[in-house]
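Read off the chains here:
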Amino acid sequence: MNALVPLPVLLPLCATGLSLAVGTRLKKIQRLVSVAVLTAVLGLSLTLMIAADTQGPLSVHLGDFAPPLGISLVADRLSGLMLTVSSAITLCVLVYSLGQGMADRDEETPVAVFHPAYLILVAGVSCTFLAGDLVNLYVGFEIMLVASFVLLTLGGTGSRIRAGSTYVIISLFSSMLFLTAIAMTYAATGTANFAQLAGRLAALPLGVQTLIQAMLLTVFAIKAAVFPLAAWLPDSYPTAPAPVTAVFAGLLTKVGVYSMLRTETLLFPGNRLGDLLMAAALASMVVGILGAVAQTDLKRLLSFTLISHIGYMVFGIGLATRDGYGGAIVYVAHHITVQTTLFLVAGLIERQGGTNELTRIGGLAKASPLLAVLFFVPAMNLAGMPPLSGFIGKLGLMRAGVADGSAWAWLLVIGSAVTSLLTLYVMAKVWNLAFWRAAPPGQAVAGTVLESDSDEEDNDADAGPDHIRGSGDEPVRHRHQPAGLAVAATLHGHAVTTTTKLPRPMTAATAAAVALGLAFTVFAGPLTSYTDRAAAELIARTPYVEAVLGP
């Protein structure tokens, strides 16, 4: 069974080469390869999760080199669950993107790299979840960074290049900080292996331990978009295509949360920085949800709710109790699914209504009842309405806070309740504006050709160097007047035609993601039991260490 551990990383990497070799000459084969590989990764992840639960943590040393020289990959209950949920979500998003690409007839050359970049992203996520040392964790982050920049800038439109540049600058800064932390850790302990560090870090002076812990937490907080290190996210995600934004919002921030969970339990037990984490959690909740309240663009609104709900997970980590860790793990799994689903729905809304600007759309509940259902279910789940999984996760975290009884814990319990209510208000606002009210004047009708920002730039360039926008000498455009700029409507970033009949693969993939979120509710008992065992294993540390180093 240990031999299966590297496959969630190796399969996507091998498929990347095949996908690049095939290219767009054999588009159907390229799509088939991507779907087949991600389906296989999902099956492997589920197998590893079950094996880790029944047999204990699984580990493998690549090349048969023992730590600290060898690369260790470890699958325990936490990483098994993260792998399974992320694999299911990436498969749904891939099917959605296939439907979008076929509907838009995206044949441009930049889109030829979508499948290889997406597979590399999946490999990076899997590498991060399975990493058994700080260096391999860093490698996983960098693999994701390379793929992320390609996916963010697909089509090369101005808005996507600007957003991608911001994302890369922030990511490079965090990478430099991460490398510095790794160098300090290796200089102080002689290893970067998690299992060995679990025993050696405790022998260091307290000041050195705290410095390394603070540096690692800063790196992971940037990745997870924890306030005040989250300012980059609302400007980076909304300009990307809907499937790219969905997988970024659902997965990439949770990689940071996972890393915080792993290092805080295995390397730094004792909760020395618990109060700092809880303060950051409270600030993320409040600032994020207030930012969402102020937004009228759906994607930006969802980006701010993402920042807000990261606070729930950091709340559980800051408590540093079995109930706190268990609640955080439940909420991570729930939030990966629900947040991804809502961004997929945002893409469908943009295709149906012509824009994500809530003041310019309406009447979608009447125009597309199925789309209304696909939005309503995950929206209520995110808001924490009982008996959905969002309510179960929040209730578990709040009960853990009450059991802790400290002042910070009580503040977080109150903050969690207020944030949940404001999330419900935000989701109700989206429902009322986009779905419930009548369509406003000027809303795009079916067949309207929506222009992207790059289309406008191209038209301005064609008008000549002396052309001044808004001066009245603009060239005639043989298009319907758009309701709003669809800057992220297609994979390649150019014009898209609105339609009342949504592409079936996109709708089916979104429905599958909704069903996965509901499955967490139906199987809440087994899920919470599993996460409780995972939390106990994290606190014990011994099973992980013995799986890597031996008894």
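Because the structure is predicted, anything quoted here is derived from the model rather than measured.

Undergrad: Please explain the overall build of the protein chain as it appears in this structure.
TA: In terms of regular secondary structure, the protein chain is built from 21 helices and 4 strands. Taken over 551 residues, the protein chain has a buried fraction of 60%. Counted over contacts in the protein chain with a minimum sequence separation of 6, partners at least 24 positions apart contribute 82%.

Undergrad: Looking at this model, I keep getting lost on the pattern of salt bridges. Mind explaining?
TA: Should their charged atoms come close, side chains of opposite charge can pair. Taken as a whole and assessed by the stated rule, the structure comprises 5 salt bridges. The salt bridge involving Arg-262 is made with Asp-76; its shortest N-O contact spans 2.8 Å. You can see Arg-262 sitting in helix H10 (residues 242–266) and its partner Asp-76 sitting in the loop between strand S2 (71–75) and helix H3 (77–104), a full 186 residues away along the chain. Judged by its relative accessible area of 3%, Arg-262 falls in the buried class. According to the relative accessible area criterion, Asp-76 is buried, its value standing at 2%. For Glu-537, the salt bridge is made with Arg-77, and the minimal N-O distance between the two is 3.1 Å. Taken together, the residues Glu-537 in helix H20 (residues 524–540) and Arg-77 in helix H3 connect sequence positions 460 residues apart. The buried category is assigned to Glu-537, whose relative accessible area is 8%. Assessed through its relative accessible area of 14%, Arg-77 is described here as buried.

Undergrad: What is the right way to read unusual backbone geometry from this model?
TA: The bulk of non-glycine residues show a negative phi, and the bulk of peptide bonds are trans. Cis peptide bonds are those with omega within 30 degrees of zero, and the linkage from Phe-227 to Pro-228 qualifies with 10°. Mapping Pro-228 onto the fold places it in the loop between helix H8 (206–224) and helix H9 (233–236). In this chain, Pro-386 is followed by Pro-387 through a cis amide linkage whose omega measures 5°. Looking at the element boundaries, Pro-387 is found in the loop between helix H15 (369–383) and helix H16 (389–404). One non-glycine residue, Ala-225, adopts positive backbone phi at about 60°. Tracing the backbone through its elements, the reader meets Ala-225 in the loop between H8 and H9.

Undergrad: What exactly am I supposed to notice about the packing of helix H12 (residues 298–319) against helix H17 (residues 407–436) here?
TA: Each pair of packed helices can be summarised by the angle the axes make with each other and by the distance between the axes. Where H12 meets H17, the axes come as close as 11 Å, and the angle between the chain directions of the two elements is 160°. The orientation of H12 relative to H17 falls into the category roughly antiparallel. Note on packing geometry: the crossing formed by H12 with H17 is left-handed. Touching Leu-298, Leu-301, Leu-302, Thr-305, Ser-308, His-309, Tyr-312, Phe-315 and Leu-319 of H12 are Ala-409, Leu-412, Val-413, Ser-416, Thr-419, Ser-420, Thr-423, Val-426, Met-427, Lys-429 and Val-430, all from H17. Split into classes, the residues belonging to the contact of H12 with H17 amount to 12 nonpolar, 7 polar and 1 charged.

Undergrad: What's the story with the packing of H10 against helix H13 (residues 322–353) in this structure? I'm lost.
TA: Remark: H10 packs on H13, axes separated minimally by 7 Å, with the N-to-C direction vectors making an angle of 170°. If you check the angle between H10 and H13, you find them roughly antiparallel. Where H10 abuts H13, its residues Ala-242, Pro-243, Thr-245, Ala-246, Ala-249, Gly-250, Leu-251, Lys-254, Val-257, Leu-261, Glu-264 and Thr-265 lie against Tyr-325, Ile-329, Val-332, His-335, Ile-336, Gln-339, Thr-340, Phe-343, Leu-344 and Gly-347. When the residues that make up the contact of H10 with H13 are grouped by side-chain class, the tally is 13 nonpolar, 7 polar and 2 charged.

Undergrad: Got a minute to help me understand a nonpolar patch on the surface in this structure?
TA: Where nonpolar side chains cluster on the molecular surface, the patch consists of Phe-227, Val-286, Val-287 and Leu-290 and spans about 300 Å² of accessible area. The residue Val-286 is located in helix H11 (residues 274–293) in this model.

Undergrad: Got a minute to help me understand the side chain of Ser-175 in this structure?
TA: Relative to the helices and strands, Ser-175 is located in helix H6 (residues 158–189). A residue is classified by how much of its surface remains accessible, and Ser-175, at 5% relative accessible area, is buried. Leave out the neighbours within four places in its chain, and Ser-175 touches Tyr-138, Glu-142, Leu-145 and Lys-223.

Undergrad: Please clarify how the confidence of the model for the protein chain should be interpreted in this entry.
TA: Caution applies to low-pLDDT parts of the model: their predicted coordinates are not meant to be read in detail. On average, residues of the protein chain carry a pLDDT of 84, and 86% of them reach 70 or more. Scored below 50 in pLDDT, residues 451–489 shows 78 contacts in the model against residues more than four places distant or in partner chains. Under a pLDDT of 50 for its full length, residues 491–495 has, in the predicted model, 31 contacts with residues more than four places off or in other chains.

Undergrad: Teacher, can you tell me more about the packing of aromatic side chains here?
TA: Note on aromatic pairs: each is described by the distance of the centres and the angle between the planes. This structure, assessed with the given rule, holds 13 aromatic pairs. Ring geometry for Tyr-138 versus Phe-178: centroids 5.9 Å apart, planes at 70°, classification edge-to-face. Of this pair, Tyr-138 sits in helix H5 (residues 134–152) while Phe-178 is found in helix H6, placing the two residues 40 residues apart along the sequence. For the residue pair Tyr-138 and Phe-178, the accessibility class agrees, reading buried in each case. Ring-pair connections join several aromatic residues into one group, and the members of that group are Phe-375, Phe-376, Trp-431, Phe-435 and Trp-436.

Undergrad: What exactly am I supposed to notice about the pairing of S2 here?
TA: Side-chain positions along a regular strand alternate between the two faces of the sheet. When you tally the buried positions in S2, you get 4 out of 5 residues, the bulk of the element. Pairing of strand S1 (residues 58–62) with S2 involves 5 bridges; the strand directions are antiparallel. Bridging across to S2, Ser-59 finds its partner in Val-74.

Undergrad: In this structure, what is going on with the nonpolar core? I would like to understand it.
TA: The tendency in soluble globular proteins is for nonpolar side chains to be buried as a group. Core analysis: the largest hydrophobic core is formed by 163 residues, its most contacted members being Phe-178 and Phe-435. A total of 15 residues in this core trace back to one element, the largest contributor, which is H13. Phe-178 has contacts with Leu-134, Leu-137, Tyr-138, Phe-141, Leu-216, Val-219 and Phe-220, leaving out every residue within four places of it along the chain.

Undergrad: What is the right way to read the side chain of Ser-148 from this model?
TA: Positionally, Ser-148 belongs in helix H5. In contact with Ser-148, other than residues within four places in its own chain, are Leu-121, Tyr-167, Phe-248 and Leu-252.

Calculation rules
Residues numbered from 1 in each chain as written. Predicted model: local features only at pLDDT ≥ 70, side-chain atom pairs only at ≥ 80, totals over all residues. Heavy atoms only, no water. Helix = DSSP H or I, 4+ residues; strand = E, 2+ residues; numbered from the N terminus. Buried < 20%, exposed > 50% of the residue type's maximum accessible area, 1.4 Å probe, protein only. Contact = heavy atoms within 4.5 Å. Salt bridge = Lys/Arg side-chain N within 4 Å of Asp/Glu carboxyl O. Axes fitted to C-alpha atoms, helices over the stretch in contact; angles between N-to-C directions. Parallel < 35°, antiparallel > 145°, perpendicular 65-115°, else oblique. Left-handed = near helix turned anticlockwise from the far one by under 90°. Nonpolar A, V, L, I, M, F, W, Y, C, P; charged D, E, K, R; others polar. Patch = residues over 30% accessible without salt bridge, like charges linked within 9 Å, V, L, I, M, F, W, Y side chains within 5 Å. Areas by Shrake-Rupley, 256 points an atom, 1.4 Å probe, with all protein chains shown as cover. pLDDT = per-residue confidence, 0-100. Phe/Tyr/Trp six-rings, centres within 6.5 Å; stacked < 30°, edge-to-face > 60°. Pairing = 2+ DSSP bridges. Core = buried A, V, L, I, M, F, W, Y, C linked by side-chain atoms within 4.5 Å.

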